[in-house]
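Fold and contact review
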Amino acid sequence: MGKSAMQSVVDDWIEAYQIDRDTALLDLISFFIQCSGCKGKCVVTAEMFQSKHDAEVMNKMVEELDEGSGLQYKKFLAFPWILTVTWPMDVDSGEYPLTMPGPYWKKFRSNFCEFVAVLVSHCQYSVIFDSYLMDTLISLLTELSDSRVRAFRHTCTLAAVKILSALVGVTLNLGVNIDNTQRLYEVERVKISSKRASPRVEKIERKINELQDKRHEIENMMDAIFKGVFLKRYRDVITEIRSICMEELGVWMRLYSPVFLNDSYLKYIGWMLHDKQPDVRLKCLLGLKALYSDALLASKLDLFTSRFKERMVSMTLDKDHEVAVQAMKLLTIISQSCEDVLTAEDCKHMYQFVYASHRPLAATAGEFVYKKLLCPPEQQEKEDGLSEQDERRILNAARIRTLIQFFKDSELHQHVAYLVDSLWDSAASLLKDWDFLTALLMEETSPQETGLTRAQESTVIEVLLACVRQAAEGPPQAGRGTGKKVITAKERKQQMDDCIRLTEHFIVTLPGLLKKYSEDAEKVTHFLKIPQYFHVEASDTGHFEKHLPALLTQISTVLEQHTDSGVLEAGSRTFQSLCCEDMAAHQLSTSSRDQLIDQWVYSLHKLLGDLPEEGLNLAADDEKTCHILATLKRVAAFHNAHDLSKWRLYDPVSGLLSLEVQHGGLPDQIVVHSLQCVCYAVLWQLNTSGEGVPSRERALAQRNQLRSFCEKCQRCLSHSHPAVKEQAFLSLCDVLTAHSYQLLVMEHTGAAPLLYTPDPKLQKALISFVQEHVFTGTDHENHGKATESDAGANKLDDLHRKRNLLAAYCKLIVNSVLEMSTAAEIFKHYMKYYNDFGDIIKETLSRTRQMDKIESARALVLCLQQLFLRLKQEQDSGKVCSSSIQTFSSIKELARRFSLTFGWDQIKSRESIAMIHRDGIEFVFRGFVQTGERHSPPYISYLTILSEFSSKLLRPDKKTVYSYLQRYAGEHTVNNREDCWLPLIYYRASLLATAEGEDCCSYISTDTFKQPSVANRSRSPSLRHVASDGAQTWAAAIHYLINLYIFKRTMWSFFFLLKT
């Protein structure tokens, strides 16, 4: 409904009301009832109220349920009527127009609110003051807003508070009329001295009194609604109703501050800042934002600010992100409008949010930091002799120094990119001032001037690189993304303009920066990353090609000067970006790169030419060793990002590895970088051969090359230096994973048998390496030691290294390079190392299940059985179990975690779960001979572990598994209730449980499960009595066992009941 149509409807109703107000008013009452969702089901009847002192009628003002008819009714006084509203019970179902989803009902809500406002607005000059319409309407809404029916309570509360908001508008109009009339009265009083306007003054006085009486009457109406509706509903159990009340209260305070903006009303907002629901807290914050944004209103909030400031500061830590963001915005406004309200401790608390993972919160905190610390001060008098550009440079220098100091004080020196991202929306003009930032780094200061220190220069360079990345790629940073952001056309154009500006600027200034800081490897590394964000296509090609040679020359000089891995990797990636075929200067960049590599390869061949004759004396020649190591570092760094196959580096470097494998004695770093270089050569070869089907000769040559490389790496796995072993392991995993894709392509071709597959000895060496270098030490010890000293950072790096090793090995399993059964060795550590590697192991389990559900389940079974056998062997030996042996309870918990990974879809995992039970039963009763003797199988305790998977069986499958169990257990064990058969009893109970959610799978949780002696098997007379009673049926026995599980939860209560 359009606004004009709604106004027409309201005008028509007012005309009908003036003709027959009772009928029109009943129509309006029915309208509010139907808007609650009755849709004709409710009946409204009215009877005239005869006497105000009729006690019998007053006793009928109730809301009750007529069970006979199934109807609910509410009878209440809406003077001069007694209204009775009758509705069916299903109206209170929770679904009514205000809660229905979809755009249609959203529009209904807005139209309903607009109708109430238009109704009051159009009645303000006519029937609103007739002491009939508003009294009846307020009585109706007050009574129904107190109903037990949610639909009535919600709808009528919304209508009531919207009426109050509309009445505020009426009051404001009356106030304007009173002020205008008062000014007219003052003018007329001046004329009284001439005795010309005395009757007119009296008329104006009567009009003023009439307007004041109307305003007083409107205020009485507002007071009635506030006390009758708001005070009862602002703490309603329904979140939406509380939100409505808080939202409208903020509107009343902002529009009609003389009445509502005082501590008597502000306390409700302060109290509801502690509401449990985020939507209510959000409405309170939005209302306060509007109040504090107005300087005149903010001056009246001093007492409220002092009382609730602590709560508002703490809400920046709210678990709801939107509430935290609005709390931060509110405090930002408070810091600007109310000086000295936020203490230094409060500001320090808010500063830390620039590093928050939620970007809107971090951006809001960045705005707070910018306005508090970096915002330029008010314009002062211009100093003599300084131009506007000089003043701007001085101001920006001061702001940059403040930013550097803020970053230093935060003590989070690896989060520069997140700080820049937080400040990007508010301080972009400063952060994108490339001219100033580069000029600040390039300027030469005299001894008398105080320039940037080395630490400050490093921070400025980090900020500069982060700003370049932010301008080229845009937010968000890694870890701050809330989903794929859709970039608007305006943002895309702005990003393109920034890329063009930084490209045209740094192609000129970057050579000078590289030359000035060429001695500092860390600073040079940052500068070398800047060309990776160039956007050459959109910039001036001629300008770019003109200055590119100088940049390439300086990059080459830096790469010849440094051997730091960071510098070499950054230079390699930069050349990869510049040598892209789509780049305008592709040929020039490629030529410069090839010239560098030619020099390095020539030098490497020359250094390695006489190496076989020197043999093991290489380590003694320090100068030659340094040259070989530096060259290998450069070649390996570039081979990682560039295909250097045409330089044929595999043979000379592989020969170096052969020398190490045969004789040893090479320096560790040379071996590490040789492994890297050969690995990259093999990977590029696999990448090239994967583009088509290779010939037989090429396939044979490739297989021999892979076998030779894998043998060398396998020998290096036993090297004395950890770095060599880890690099050999990673090289093996990378090459075998890449080769698996080629196996997949060649699977249906004749060349498939010619491809390389790892032998069992190599597979065993890989898993042994993982066990020795990844799963070392307990998870608890790792975390405990990391918090004891400053070695926490080293522990974190060590954990990251181990995660990389484990992920590389798991890729071999997922890509079918290794047998899926080898995953059992990884699954064993799922619980023990859950905090460190739980996500990797869980993802491996999920991927293997997608590949082959049955084989993945067999890997789980193998894992549990191996752990069980190892524990049983350790206990049977009589020794105390070492810390590396998992206890029985931990194995049982591991089985429970495995069962949870199958999810709720029992149909999908039906075959896997059935196979787990079948293999488990066969494992327990393997070699068990059914005889008259009552000796239990040695592995019967494994059934307790197996019972953790019973809840995942379908009911028909439980019967099938139970039958399969009976075939192995034998009939003579059916009535056996001795202690040694308790695991079998529990397992049967878990299979025969039919109640929903009933799962008898957690009986035994002790860490020992020794078989009871024959002498102790004669106890439990009550159980033996149950077993010997021939008249008792199997159903009764199972029922007894289920009750036994429920009431004998712990082992202590279990033995207590046995004795009784």
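Source: prediction; values computed, not measured.

What follows covers the environment of serine 856. By the element assignment, serine 856 lies in helix 38 (residues 853-876). Overall, the relative accessible area of 1% leaves serine 856 in the buried class. Sequence separation between serine 856 and threonine 844 is 12 residues, and the spatial gap between their C-alpha atoms is 9.9 Å. With near-sequence residues (within four places) excluded, serine 856 lies in contact with Met820, Leu845, Thr848 and Arg849.

What follows is about the confidence of the model for the protein. Here the protein averages 82 in pLDDT, and 79% of its residues register 70 or above. Segment residues 49-53: pLDDT under 50, and seven contacts once partners within four positions in sequence are set aside and those in other chains are kept. pLDDT under 50 marks residues 994-1060. Its contacts with residues more than four places away, or in other chains, come to 94 contacts.

A few words on the side chain of lysine 828. Locating lysine 828 in the fold gives a position in the loop between helix 36 (824-827) and helix 37 (834-851). Here the side chain of lysine 828 touches glutamate 825 through a polar contact of 3.3 Å, side chain to side chain. A polar atom in the side chain of lysine 828 sits 2.7 Å from the side chain of glutamine 866. In this structure lysine 828 touches Cys863, Gln866, Leu867, Gln886 and Leu894, once residues within four positions along its chain are discounted.

Evaluation of the coordinates by the stated rule reveals 35 salt bridges. Across the pair aspartate 223 and lysine 227 runs a salt bridge, and its minimum N-O distance is 3.3 Å. In this pair, aspartate 223 and lysine 227 both sit in helix 7 (residues 198-233), four residues apart, roughly one turn of the helix. A salt bridge links lysine 432 to aspartate 498, with the shortest nitrogen-to-oxygen separation between them at 3.2 Å. Of the two residues, lysine 432 is situated in the loop between helix 19 (428-431) and helix 20 (434-442) and aspartate 498 in helix 22 (residues 489-516); the sequence distance between them amounts to 66 residues. Aspartate 498 matches lysine 432 in its accessibility class, with the two residues each being buried. Each member of the salt-bridge network shares a partner with another, and the members are Asp146, Arg153, Arg233 and Asp236.

To continue, consider unusual backbone geometry. With the exception of glycine, most residues fall at negative phi, and the peptide bonds are largely trans. The phi angle at aspartate 340 is positive, at roughly 60°, despite the residue not being glycine. Positive phi, normally seen in glycine, also occurs at arginine 648, with a value near 50°. Note on placement: arginine 648 falls in the loop between helix 28 (622-641) and helix 29 (650-662).

So, how was this worked out
- Residues numbered from 1 in each chain as written.
- Predicted model: local features only at pLDDT ≥ 70, side-chain atom pairs only at ≥ 80, totals over all residues.
- Heavy atoms only, no water.
- Helix = DSSP H or I, 4+ residues; strand = E, 2+ residues; numbered from the N terminus.
- Buried < 20%, exposed > 50% of the residue type's maximum accessible area, 1.4 Å probe, protein only.
- Contact = heavy atoms within 4.5 Å.
- pLDDT = per-residue confidence, 0-100.
- Polar contact = N/O pair within 3.5 Å; in protein donor to acceptor, adjacent residues only side chain to side chain.
- Salt bridge = Lys/Arg side-chain N within 4 Å of Asp/Glu carboxyl O.

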